[in-house]
Amino acid sequence: MAVRRASHAGSWYAESAKELNNQLENWLGAADLTHGPARAIIAPHAGYQYCGACAAFAYRQISPFVVQRIFILGPSHNVRLSGCALSTADKYRTPFYDLQIDNQVYDELESTGKFERMSMKVDEDEHSIEMQLPYIAKVMQDYKNKFTIVPIMVGSLSTEKENLYGQIFAPYLADPKNLFIISSDFCHWGQRFRYTFYEKSWGPIHQSIKTLDHKGMDIIETLEPAAFVEYLKTFSNTICGRHPISVLLQAAKQLRTQKLSLKFLKYAQSGQCYHLGDSSVSYASASLIVE
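Conventions used here
- Residues numbered from 1 in each chain as written.
- Predicted model: local features only at pLDDT ≥ 70, side-chain atom pairs only at ≥ 80, totals over all residues.
- Heavy atoms only, no water.
- UniProt positions renumbered as here; feature names shortened; annotations may be inferred.
- Helix = DSSP H or I, 4+ residues; strand = E, 2+ residues; numbered from the N terminus.
- Contact = heavy atoms within 4.5 Å.
- Pairing = 2+ DSSP bridges.
- Axes fitted to C-alpha atoms, helices over the stretch in contact; angles between N-to-C directions.
- Parallel < 35°, antiparallel > 145°, perpendicular 65-115°, else oblique.
- Left-handed = near helix turned anticlockwise from the far one by under 90°.
- Phe/Tyr/Trp six-rings, centres within 6.5 Å; stacked < 30°, edge-to-face > 60°.
- Buried < 20%, exposed > 50% of the residue type's maximum accessible area, 1.4 Å probe, protein only.
- Lys NZ or Arg CZ within 6 Å of the ring centre and 35° of its normal.
- Core = buried A, V, L, I, M, F, W, Y, C linked by side-chain atoms within 4.5 Å.
- Expected span 1.5 Å × (residues − 1).
- Bend = angle between axes of the 7 residues up to and from the residue.
- Nonpolar A, V, L, I, M, F, W, Y, C, P; charged D, E, K, R; others polar.

The name given to the protein chain in an unreviewed UniProt entry is Protein MEMO1, with the source organism recorded as Sipha flava. In UniProt, the protein chain has this text filed under Sequence similarities (unreviewed entry): "Belongs to the MEMO1 family."

Structure representation (structure tokens):
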């Protein structure tokens, strides 16, 4: 049994199950269930001290007794990847309990010939999938032996490939027993991120960032993948999970016969920028329901 370690525990989030449980319970308790049961969520993946409270608004929309399989699509921050990659692990460790990878679905995905495998080192170095795991374990704790996970690292996909993977995932998204978690932060602003777009007519820098992010969020809510691609071309907003988000939009597009509704429920920034020397990262949580 190959087990992926909780490599970011003790730095990006608490290693102690008791401490972590208290934090997650407080954050989930402060979030309202307003747009559920979620078929998919968009949630941030920064250190919990920055985004834990925001992420709770996405996780609060999950109905654990319905969910049997959880797809986690996270961007690759450290390695160049032109497609999507599957884990080589059998289980993912969390401070609460181990999460079991769904090898049957992995076999189905691998049979398409469109997925490669990432090494354990690449897997453990990446944080975008791992930062979703404690929240998954917490929300699903009463059903911990009744669900599996399908972690997928998403590379820098072309629009054509986003469409291709959307078609592959669409049948899974159509199944109410499945939940998709799209791991993404929003604008990374500042010289250290090489992104300093500022529209002065929108107010101070932090307000300009907020307006920019909300333009993107509004477009994502329309579920129009082409409009989101156009938005990214226009503003080059540094949304690190833009490819996983686009794959979700492309998959949703295949479910035209069903009534889908995606809503953003919370927005936050790591700090407020006023000067060009400042920097911040934005976080947003959303839920997609099939009505």
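In this chain, Gly-36 is followed by Pro-37 through a cis amide linkage whose omega measures 0°. Note that Pro-37 resides in the loop between helix H1 (17-29) and strand E2 (40-43). Positive phi, normally seen in glycine, also occurs at Ser-236, with a value near 50°.

Our focus in this paragraph is the side chain of Ser-208. Note that Ser-208 resides in helix H7 (residues 205-221). Here Ser-208 is in contact with Phe-197, Tyr-198, Glu-199 and Trp-202, once residues within four sequence places are set aside.

Overall, mixed pairing links the three strands, which are arranged E1-E5-E6 in an open sheet. Taken across any chain shown, the strands that pair with only one partner, and hence form the sheet edges, are strand E1 (3-4) and strand E6 (99-100). By the bridge criterion, two bridges tie strand E5 (residues 91-92) to E6 in an arrangement that is antiparallel. Following the sheet pairing, Lys-91 is matched in E6 by Gln-100.

This part covers the packing of H7 against helix H8 (residues 225-235). Closest axis-to-axis distance for the H7/H8 pair is 9 Å, and the angle between their directions is 165°. When the axes of H7 and H8 are compared, the pair comes out roughly antiparallel. Viewed along their axes, H7 and H8 form a crossing whose handedness is right-handed. Seen from H7, the contacting residues are Leu-212, Asp-213, Lys-215, Gly-216, Ile-219 and Ile-220; seen from H8, they are Ala-227, Phe-228, Tyr-231 and Phe-235.

Remark: the centre distance and the inter-plane angle together describe each pair of aromatic rings, the angle taken between the planes. Summed over the entire model, instances satisfying the criterion amount to 16 aromatic pairs. Ring centres of Phe-71 and Tyr-172 lie 5.2 Å apart, and the angle between their planes is 50°; on these two criteria the pair is classed as tilted. One end of the pair, Phe-71, is in strand E3 (residues 69-75); the other, Tyr-172, is in helix H6 (residues 159-173), with 101 residues separating them in the sequence. The exposure class assigned to Phe-71 is buried, which follows from its relative accessible area of 0%. Plain terms: the ring middles of Phe-186 and Phe-264 are 5.8 Å apart, the flat faces sit at 90° to each other, and that makes the pair edge-to-face. Residue Phe-186 is found in the loop between strand E9 (178-183) and strand E10 (188-189), and its partner Phe-264 is found in strand E11 (residues 260-269); the two are separated by 78 residues along the sequence. Phe-264 carries the same exposure label as Phe-186, and that label is buried. Members of the aromatic cluster, each reached through a chain of ring pairs, are Phe-71, Phe-115, Tyr-165, Phe-169, Tyr-172 and Phe-180. Over the ring of Tyr-92 we find Arg-4, and its NZ or CZ is 5.4 Å from the ring centre.

Let's shift gears to the nonpolar core. One finds Tyr-59, Ile-70, Leu-109, Ile-136, Ile-152 and Phe-169 to be the most contacted residues of the largest nonpolar core, which totals 95 residues. Beyond its immediate chain neighbours, meaning those up to four positions away, Ile-136 contacts Tyr-59, Ile-70, Ile-72, Tyr-97, Leu-99, Phe-147 and Ile-181. Judged by nonpolar contacts, the second largest core, of five residues, contains Ala-46, Cys-51, Val-281 and Tyr-283.

Time to look at the environment of Gly-74. Mapped onto the secondary structure, Gly-74 falls in strand E3. On the basis of relative accessibility, which here comes to 0%, the residue Gly-74 falls in the buried class. Residues Gly-74 and Thr-88, 14 residues apart in the sequence, show an inter-C-alpha distance of 16 Å. In contact with Gly-74, not counting residues within four places along its chain, are Ser-128, Ile-129, Ile-152, Met-153, Val-154, Ser-183 and Pro-244.

This part takes up H6. An ideal rise of 1.5 Å per residue puts 21 Å on 15 residues; H6 measures up with 19 Å between its terminal C-alpha atoms. Along H6, the sharpest kink reaches roughly 30°, centred on Gln-167 and followed within four residues by the proline Pro-171. Taken as a whole, H6 has its buried residues at Glu-162, Tyr-165, Gly-166, Ile-168, Phe-169, Ala-170, Tyr-172 and Leu-173.

Next up on the list: the packing of H1 against helix H2 (residues 48-59). The description of two helices packed together rests on the angle between their axes and the distance between the axes. One can describe the packing of H1 onto H2 by two numbers: an axis separation of 8 Å at closest approach and a directional angle of 55°. Taken together, H1 and H2 sit at an angle that is classed as oblique. Note that H1 runs across H2; the crossing there is right-handed. When H1 is examined against H2, the residues Leu-20, Leu-24, Trp-27 and Leu-28 are found in contact with a partner set consisting of Tyr-48, Gly-52, Ala-53, Ala-56 and Tyr-59. Per-class residue counts for the contact of H1 with H2 are eight nonpolar, one polar and no charged.

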